[in-house]
Amino acid sequence: MRAALAQAERALPAGDVPIGAVVVSAAGEVIGSGFNVRERDGDPTGHAEIVALRAAAASVGEWRLAGCTLVVTLEPCTMCAGASVLARVDRVAFAAYDDKAGAAGSLWDVVRDRRLNHRPEVIGGILADESTALLDEFFSRHR
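Overview of the structure.

Reading the values: rules and limits
All residue numbers refer to positions counted from 1 along the written sequence of the respective chain. Totals for whole chains, interfaces and linings use all residues, but because this is a predicted model, local features are given only for residues with pLDDT of at least 70 and pairs of side-chain atoms are given and counted only at 80 or more. Here the side-chain values reflect all heavy atoms present in the structure, with hydrogen atoms and water set aside. Where helices and strands are cited, they refer to DSSP runs of H or I of at least four residues and of E of at least two residues respectively, numbered from the N terminus. The size measure is the radius of gyration over C-alpha atoms, and the globule rule it meets is 2.2 Å times the number of residues to the 0.38 power. Using a 1.4 Å probe on the protein chains alone, a residue whose accessible area is under 20% of its type maximum counts as buried, one over 50% counts as exposed, and one in between counts as partly exposed. Note on definitions: a residue-residue contact is assigned when non-hydrogen atoms from the two residues lie within 4.5 Å. Here the accessible surface of atoms and residues is derived via Shrake-Rupley with a 1.4 Å probe, and residues count as covered only by protein chains that are part of the display. Angular values range over 0 to 180 degrees, each being the angle between N-to-C directions of two axes fitted as lines to C-alpha atoms, with helices fitted over their stretch in contact. To sort the angles, those under 35 degrees are grouped as roughly parallel, those over 145 as roughly antiparallel, those from 65 to 115 as roughly perpendicular, and the leftovers as oblique. Here the term charged refers only to Asp, Glu, Lys and Arg, the term nonpolar to Ala, Val, Leu, Ile, Met, Phe, Trp, Tyr, Cys and Pro, and the term polar to all other amino acids, Gly among them. We call Phe, Tyr and Trp rings a pair once their centres come within 6.5 Å, taking the six-membered ring for Trp, and we label the pair stacked below 30 degrees between planes, edge-to-face above 60, and tilted otherwise. Only buried residues count toward a nonpolar core, which is a set of Ala, Val, Leu, Ile, Met, Phe, Trp, Tyr and Cys residues joined through side-chain atoms within 4.5 Å. A pair of strands counts as paired when DSSP detects no fewer than two bridges linking them. Within this document, salt bridges are pairs made up of a side-chain nitrogen of Lys or Arg and a carboxyl oxygen of Asp or Glu, the two lying within 4 Å of each other. Throughout, right-handed denotes a crossover for which the path from the first strand over the helix to the second runs clockwise when the strands point away from the viewer.

Looking only at helices and strands, the protein features five helices and five strands. Mapped from its N terminus to its C terminus, the protein presents α and β elements in the order α-β-β-α-α-β-α-β-β-α. Its C-alpha atoms give the protein a radius of gyration of 14 Å, within 12% of the compact-globule value 15 Å for 143 residues. Relative to its full complement of 143 residues, the protein shows a buried share of 48%. For the protein, long-range pairs separated by at least 24 residues make up 56% of all intrachain contacts whose partners lie at least 6 apart in sequence. Taken as a whole, the protein presents about 7200 Å² of accessible surface, with 51% of it coming from carbon and sulfur.

Printed below as a string of structure tokens:
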């Protein structure tokens, strides 16, 4: 999670919401990382998770990320939760819960929907206070 928090800090210079993500292989190696680039790139899909999943897929040479863990500083939204299911990651670990848009148990539970053909394990609340503090500081300056 500390690696994901470091990625989140990288979003700040462009005015992006400080969310970071890493994909960790079954061997414990970071094979993809990313941070929010929506503002910087003008890309609505530029969420940290999507950036990290793309980098991980490029690293291993295929879209299936079986055995991997997606680690992110904020509970994934519906797009990112869906992408983690489609990428076949084994687990999603996140820091802060997102009551407004979380799709890994808070508002929706996309990742554990029994109608889908893959359901990653979900672990929430890891270093949540640190992630929440970073987000709170960002939004206090933008409101």
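Attention now moves to the packing of helix α1 (residues 2–9) against helix α5 (residues 128–141). Between α1 and α5, the least distance of the axes is 11 Å, while the angle of their chain directions is 5 degrees. Taken together, the axis directions place α1 and α5 in an arrangement best described as roughly parallel. From α1, R2, L5, A8 and E9 reach across to α5, where they touch E130, S131 and L134. Its residues assigned to classes, the contact of α1 with α5 comprises three nonpolar, one polar and three charged.

The full count for this structure, using the stated rule, is two aromatic pairs. Taking 4.9 Å as the distance between ring centres and 85 degrees as the angle between the ring planes, the aromatic pair formed by F94 and Y97 counts as edge-to-face. Owing to a relative accessible area of 0%, F94 belongs among the buried residues under this scheme. Measuring from ring centre to ring centre gives 5.1 Å for F138 and F139, while their planes differ by 80 degrees; the resulting arrangement is edge-to-face. Looking at F138, the relative accessible area reads 4%, which means it is buried.

This paragraph deals with the nonpolar core. One finds I19, A21, V23, L53, L65, V89 and V111 to be the most contacted residues of the largest nonpolar core, which totals 31 residues. Residue assignment for this core shows that the elements contributing at least two residues are β1 (20–24), α3 (48–60), β3 (69–74), α4 (78–86), β4 (91–96) and α5. Element by element, the count of residues in this core is highest for α3, at five residues. Among residues more than four places away in sequence, those in contact with L65 are L53, A56, A57, V60, A87, R88, V89 and D90.

As a further point, take the sheet that holds strand β5 (residues 121–123). Ordered in space as β2-β1-β3-β4-β5, the five strands form an open sheet in which the pairing is mixed. The open sheet has two free edges, formed respectively by β2 (30–35) and β5, since each of these has just one partner strand. Taken over all neighbouring pairs, the strand axes of this sheet differ in orientation by 15 degrees on average, direction set aside.

Further remarks concern the pattern of salt bridges. Enumeration over the complete set of coordinates arrives at seven salt bridges. Ionic pairing is found between D113 and R115, a salt bridge with its closest N-O pair at 2.6 Å.

Moving on: the pairing of β4. Note on strand geometry: in a regular strand, side chains alternate between the two faces of the sheet. Within β4, five of the six residues are buried, which leaves it mostly tucked inside the rest of the structure. In the sheet, β3 pairs with β4 via five bridges, with the strands oriented parallel. Bridge pairing links L70 to V92 in β4. Of the crossover connections in this fold, the one passing from β3 over α4 to the parallel β4 is right-handed. Inspection of the sheet shows β4 paired to β5 by three bridges, in the parallel sense. Opposite R91, over in β5, you have E121 as the bridge partner.

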